[in-house]
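# Survey of secondary and tertiary structure
Chain by chain, the residues:
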Amino acid sequence: MPLTLKKIITYVLLLLVIFIAIFPAIWMLSTSIKPVTELYDNPPEIIPDGPTLANYANVLSRSVMLQSFGNSVVITAAVVVLTLLLTSLAGYGLARYTFRGSKTLSLAFLFGQMVPSVVLVIPLYFMFNKFGLLDTKFGLIIADLSMTLPMGIVMLTSFFKTVPEELEEAAMIDGTTELEALFRVVMPIAKPGLISVAIYTFIHAWEEFLFALNLTLSASQRTLPIAISTFAGEFTVDWGATMAASTVVALPVLAIFLLCNKYFIQGLSDGAVKG
Amino acid sequence: MKRSRKGFYYCIPALAVICFVSVYPLLYTIVLGFFNKTLLKPQMTFAGFEQYIDLFTDGVFLKSIKNTFVWTFFSVVFQFGMGFAFAMILHQGFVRFKATFRILLMVPWVLPSIIGSSVWKWMYNADYGIINFILQTLHLIPEYKTWLSRPETAMAAVVVVNVWKMFPFVLLMIEAALQGVSKDLKEAATLDGATPVLVFRVVTWPAIASTCYSLILLLMIWTLNAFTFVYNLTLGGPAHETEVLAMFIHNKAFTEFNFGAASAASTVLFIITAVVSLVYFRFTKAKED
């Protein structure tokens with residue numbers, strides 16, 4: 001096959017697959033700026049004749065949406081901070097020390113990634129009910145940790161192993177404690193690893209659906225994904241507003257991903273696939 | 001690596017949280033599977049294997065097992081197949097703008113599942129959906145279809161969304177693995193007159209095989225556990241056609257409030273996932289040794 005033909009076929013296939021990958025996002029944006037009169041046009045158009053922000057105004061003027069947005073921000077931020085803190089400590093312990101059961105513990109953390117969240121949600125419902133954590137942000141935060149901690153620990157253990165031990169040893173000879181050395185010497189060097197854990201955790205917590213659906217009940221504790229889901233249910237016909245709301249949820253994730261995509265791909269391949 | 005119990009102390013905070021939100025609930029589920037507990041009878045009463053026997057004689061449960069198998073099998077085959085094929089295409093030396101391609105391809109994966117499923121639901125819309133429009137314009141379907149509420153198409157429609165979401169991840173992981181394949185070996189083999197197929201079999205495949213196996217197992221685990229797409233697109237309908245195990249458990253627990261039966265079904269799902277996970281560990285361990 002001549003090279004030019006091969007090139008043409010390659011690029012055509014790649015453009016086709018990229019079209020498939022991003023078309024839903026484009027269609028979401030397109031629908032979100034369509035006035036109601038254009039939603040049901042035949043043939044449908046990607047760029048509307050009279051683009052409008054009315055759908056966004058509609059969505060953002062609902063107090064429920066704003067409150068959910070706030071809840072999602074608080075919960076996601078707390079999950080990211082707690083995950084980074086706890087996984088740094090555990091990852092460091094496992095990367096630098098061996099102890100009785102350390103192999104088993106690493107394996108258990110790896111296994112933790114595999115536990116289906118639907119299996120956990122029923123007992124969590126009863127436990128949270130008993131401890132007064134049901135329908136609270138705090139409850140949702142620690143429930144989310146069940147999914148984010150195992151993967152974070154696995155990723156950071158392999159990352160910390162790449163940081164030379166001599167650096168901390170030198171710092172400790174100068175009189176710093178081991179914990180200080182971890183925070184001041186090791187963590188800055190392992191920044192790419194911490195960033196990938198943070199992004200992974202952010203995306204996970206931001207889109208978490210099953211726990212939020214069953215462990216929160218009242219509108220005041222609802223997160224954005226649940227608000228969107230009930231929103232779509234209430235106004236099944238108002239696709240413009242639903243897509244505007246979806247765009248609001250998607251934008252922070254897309255923005256963070258575009259800013260940090262380098263770390264992201266590397267970290268995931270280290271954490272998930274290499275094991 | 002030092003040998004000291006100190007390492008364990010570092011793990012205690014994370015371990016404590018995981019025990020509270022993961023280990024204890026898991027044990028709770030397994031125990032609850034042997035007890036009757038419903039909304040009307042909240043007191044736990046011992047039931048032995050009764051709920052398991054009920055489950056395995058329940059047509060809906062058996063159907064959900066079958067659906068889970070179909071859902072996982074077709075999702076993983078297409079996620080992996082598409083990811084693999086396009087990784088090979090993207091990896092070719094002459095392709096420019098690779099970084100841009102990679103970023104654009106990741107969009108489905110970073111888009112929250114709830115958003116992805118809302119958009120697809122709108123695209124599948126029976127009266128105004130863009131998918132119906134495109135397929136009819138291309139003369140692939142004679143008239144608009146209700147993709148998500150017809151028993152013949154519902155499962156395929158949900159699988160398509162799951163494939164769309166995950167194939168980019170496979171693509172990037174395999175492409176990263178391909179970059180680790182020795183160029184010298186490939187060139188040497190080509191100079192010796194090996195055909196591209198033979199070069200692939202002898203040089204490329206051995207270098208990426210373990211990544212591929214790990215990926216397949218991870219995809220299986222993720223797909224077994226996936227809940228959001230089915231919940232948002234079909235709620236398990238029409239007539240239980242897309243009710244996978246995760247959806248069945250959710251319905252039993254939070255629609256019928258039969259917590260005992262839901263826990264028994266959870267235990268079944270957990271066992272299936274655990275078996276797949278053990279195979280995954282065998283692979284990752286074999287790689288290390």
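Residues numbered from 1 in each chain as written. Chains lettered and ligands numbered in written order. Predicted model: local features only at pLDDT ≥ 70, side-chain atom pairs only at ≥ 80, totals over all residues. Heavy atoms only, no water.

### So, the packing of aromatic side chains
Rule in force here: Aromatic rings from Phe, Tyr and Trp, taking only the six-membered ring of Trp, are treated as a pair when their centres fall within 6.5 Å; an angle between ring planes under 30 degrees marks them as stacked, one over 60 as edge-to-face, and anything in between as tilted. In DSSP terms, a helix is any run of H or I states spanning at least four residues, a strand is any run of E spanning at least two, and both are numbered starting from the N terminus. The cut-offs for exposure are 20% and 50% of the maximum accessible area for each residue type, with area from a 1.4 Å probe on protein chains only; residues under the lower value are buried, those over the upper are exposed, and the others partly exposed. Whether a charge sits over a ring depends on NZ of Lys or CZ of Arg being within 6 Å of the ring centre and within 35 degrees of the ring normal.
Enumeration according to the criterion identifies 39 aromatic pairs over all chains in this entry. Aromatic pair A:Phe131 and B:Phe20: ring centres 5.9 Å apart, planes at 45°, arrangement tilted. Taken as a pair, A:Phe131 in helix 6 (residues 117–131) and B:Phe20 in helix 1 (residues 6–32) lie in two separate chains rather than in one. Among the residues examined, A:Phe131 registers a relative accessible area of 52% and is labelled exposed. Under the relative-accessibility criterion, B:Phe20 is labelled partly exposed at 29%. Chaining the aromatic ring pairs together yields one cluster made of A:Tyr125, A:Phe126, B:Tyr24, B:Tyr28, B:Phe254, B:Phe257 and B:Phe259. Over the face of the ring belonging to A:Phe126 we find B:Lys37, whose NZ or CZ atom lies 4.4 Å from the ring centre.

### Observations concerning unusual backbone geometry
Residues and elements named next belong to chain B. Of the consecutive residues Gly237 and Pro238, the connecting peptide bond is found in the cis state with omega at -10°. Here Pro238 is to be found in the loop between helix 11 (228–233) and helix 12 (245–254). Of note, the phi angle at His240 is positive, near 65°, even though the residue is not glycine. Assignment of secondary structure puts His240 in the loop between helix 11 and helix 12. One non-glycine residue, Phe257, lies in positive phi territory at about 55°. Within the element layout of this structure, Phe257 appears in the loop between helix 12 and helix 13 (259–288). Taking the relative accessible area as the measure of exposure, Phe257 reaches 30% and is therefore partly exposed.

### Here's the deal with the nonpolar core
Selection criterion: To qualify as a nonpolar core, a set must consist of buried Ala, Val, Leu, Ile, Met, Phe, Trp, Tyr and Cys residues joined through side-chain atoms within 4.5 Å. These domain limits were set by an automatic method or by a database of domain assignments. Here a residue-residue contact requires only that any non-hydrogen atoms of the pair lie within 4.5 Å.
Membership of the largest hydrophobic core comes to 178 residues, with the highest contact counts inside it found for A:Leu215 and B:Ile174. Among the elements that make up this core, the one with the highest residue count is helix 8 (residues 154–179) of chain B (17 residues). The residue makeup of this core includes at least three contributed by each of domain 1 (1–52) and domain 2 (64–233 + 245–273) of chain A. Ignoring any residue separated from it by four or fewer positions in sequence, one finds B:Ile174 in contact with B:Phe80, B:Phe84, B:Ala87, B:Ile208, B:Cys212 and B:Leu215. If you look at the next biggest cluster of nonpolar residues, it comprises 10 residues, including A:Met114, A:Val154, B:Leu217 and B:Phe281.

### Thoughts on the domain arrangement of chain A
For interface size, the figure often reported is the accessible area lost on association. Here chain A is described as being made up of domain 1 (1–52) and domain 2 (64–233 + 245–273). Using C-alpha coordinates to define each centre, domain 1 of chain A is positioned 34 Å away from domain 2 of chain A.

### A word on the environment of A:Asn261
Residues and elements named next belong to chain A. Among the secondary structure elements, Asn261 is positioned in helix 13 (residues 239–273). Residue classification places Asn261 among the buried residues on the basis of a relative accessible area of 16%. Asn261 sits 62 residues away from Ile199 along the chain, and the two C-alpha atoms are 9.2 Å apart.

### Topic: the pattern of salt bridges
Going by this rule: Salt bridges are counted wherever a side-chain nitrogen of Lys or Arg sits within 4 Å of a carboxyl oxygen of Asp or Glu.
A complete count under the given rule lists seven salt bridges over all chains for this structure. One salt bridge in this structure joins A:Glu178 and B:Lys6, with 3.2 Å as the shortest N-O distance. Here B:Lys6 lies in helix 1 and A:Glu178 lies in helix 9 (residues 178–189), a pairing that spans two chains. A:Glu178 sits in the buried class, given a relative accessible area of 8%.

### Some thoughts on a nonpolar patch on the surface
Residues and elements named next belong to chain B. Here is the rule: Think of a patch as exposed residues, more than 30% relative accessible area, with no salt bridge, where like charges cluster within 9 Å and nonpolar side chains (Val, Leu, Ile, Met, Phe, Trp, Tyr) cluster within 5 Å. Only the protein chains shown count as cover for residues, with accessible areas throughout obtained via the Shrake-Rupley method and a probe of 1.4 Å.
Together, Phe69, Phe73, Phe74, Val77 and Phe78 line one region of the surface with nonpolar side chains, adding up to about 510 Å² of accessible area. Among the structural elements, Phe78 can be located in helix 3 (residues 59–91). For Phe78, a relative accessible area of 44% gives the class partly exposed.

### Quick word on helix 10 (residues 196–225) of chain B
To keep it simple, the criterion reads: To estimate the expected span of a helix, subtract one from its residue number and multiply by 1.5 Å. The seven residues ending at a residue and the seven starting there each receive a fitted axis; the angle between those axes is the bend at that residue.
Taking 1.5 Å as the rise per residue, helix 10 of chain B with 30 residues should run 44 Å; its terminal C-alpha atoms sit only 38 Å apart, a clear shortfall. Along helix 10 of chain B, the sharpest kink reaches roughly 60°, centred on B:Trp205 and followed within four residues by the proline B:Pro206.

### Here's the deal with the environment of B:Val17
Within the element layout of this structure, B:Val17 appears in helix 1. Take B:Val17: its relative accessible area is 19%, and that puts it in the buried class. When near neighbours in sequence (up to four residues on either side) are disregarded, B:Val17 contacts A:Leu86, A:Leu145 and A:Leu149.

### A closer look at the interface of chain A and chain B
Convention followed: Under the rule applied, a polar contact is a pair of N or O atoms within 3.5 Å (in protein, one hydrogen donor and one hydrogen acceptor; residues adjacent in sequence only if both atoms are side-chain atoms). Residue polarity is assigned by list, with Asp, Glu, Lys and Arg as charged and Ala, Val, Leu, Ile, Met, Phe, Trp, Tyr, Cys and Pro as nonpolar; anything else, Gly included, falls into the polar class. Think of it this way: DSSP has to see at least two bridges between two strands before they count as a pair.
The interface of chain A with chain B comprises 96 residues on the first partner and 92 residues on the second. Along the contact surface separating chain A from chain B lie two salt bridges. Along the contact surface separating chain A from chain B lie 16 residue pairs in polar contact (both at pLDDT 80 or more). Looking at the side of chain A that touches chain B element by element, the count peaks at 19 residues for helix 1 (residues 3–32) of chain A. Here the side of chain A that touches chain B is built from residues that sort into 76 nonpolar, 12 polar and eight charged. Here two bridges tie strand 1 (residues 97–98) of chain A to strand 1 (residues 2–3) of chain B, and the two strands are oriented parallel to one another. Following the sheet pairing, A:Tyr97 is matched in strand 1 of chain B by B:Lys2.

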